[in-house]
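These are the residues of each chain, in order.
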Amino acid sequence: MEIDKNEAARVAHLARIHVDDHELARIAKDLSAIIGFMQQLNEVDIEGVDAMTTATPMVLVQRDDTVKGGGLQKQLMDAAPVAQEGFYLVPKVVE
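Residues numbered from 1 in each chain as written. Predicted model: local features only at pLDDT ≥ 70, side-chain atom pairs only at ≥ 80, totals over all residues. Heavy atoms only, no water.

1. With respect to the nonpolar core
Quick reminder of the rule: Definition used in this section: a nonpolar core is a set of buried Ala, Val, Leu, Ile, Met, Phe, Trp, Tyr and Cys residues joined via side-chain atoms within 4.5 Å. Relative accessibility decides the category of a residue: with a 1.4 Å probe and only protein chains considered, values under 20% of the type maximum give buried, values over 50% give exposed, and everything between is partly exposed. Per the convention used, a helix needs a DSSP run of H or I reaching at least four residues, while a strand needs a run of E reaching at least two, with both numbered from the N terminus. Note on contacts: a residue pair is in contact if any heavy atoms of the two residues lie within 4.5 Å.
Grouped together as the largest cluster of nonpolar side chains are six residues: Ile3, Ala8, Ala12, Val19, Leu24 and Ala28. Breaking this core down by element, the ones donating at least two residues are helix H1 (5–14) and helix H2 (24–42). Excluding anything up to four places from it in sequence, alanine 12 contacts Ile17 and Val19.

This is the structure in structure tokens:
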């Protein structure tokens, strides 16, 4: 798929990127090359290939999900400039 200057300008506009007119030809060529590579990747037969996240096998470390600490609400509320019913009170910033 070939991308022309107009399409490259449209993509730049949608991406909110300022592109000078003299750069549009190069960007159109680059975008065409990217889309061509993506089309080439779509032709690869991946039947029976498992998805992977890394090139080397890894085992995630498992640990018990236990609560540690806690019970600090009173101390945290005492340190707050203004608190009420277990919540920090902050000035209203949205009307």
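What follows continues from the structure just given.
2. Quick notes on the environment of arginine 26
For arginine 26, the location among the structural elements is in helix H2. We classify arginine 26 as partly exposed; its relative accessible area is 47%. Counting along the chain gives 61 residues from arginine 26 to phenylalanine 87, while the straight-line C-alpha distance between them is 56 Å.

3. Observations concerning the pattern of salt bridges
Convention followed: Basic side-chain nitrogens of Lys or Arg form a salt bridge, by our definition, when they fall within 4 Å of a carboxyl oxygen of Asp or Glu.
For the structure shown, the criterion picks out three salt bridges. Measuring nitrogen to oxygen at the nearest pair gives 3.4 Å for the salt bridge that ties arginine 26 to aspartate 30. Highlighted residues: arginine 26 and aspartate 30, both in helix H2, separated by four residues, approximately one helical turn. With a relative accessible area of 37%, aspartate 30 lands in the partly exposed category. With its nearest N and O atoms 3.1 Å apart, the salt bridge here joins aspartate 78 to lysine 74.

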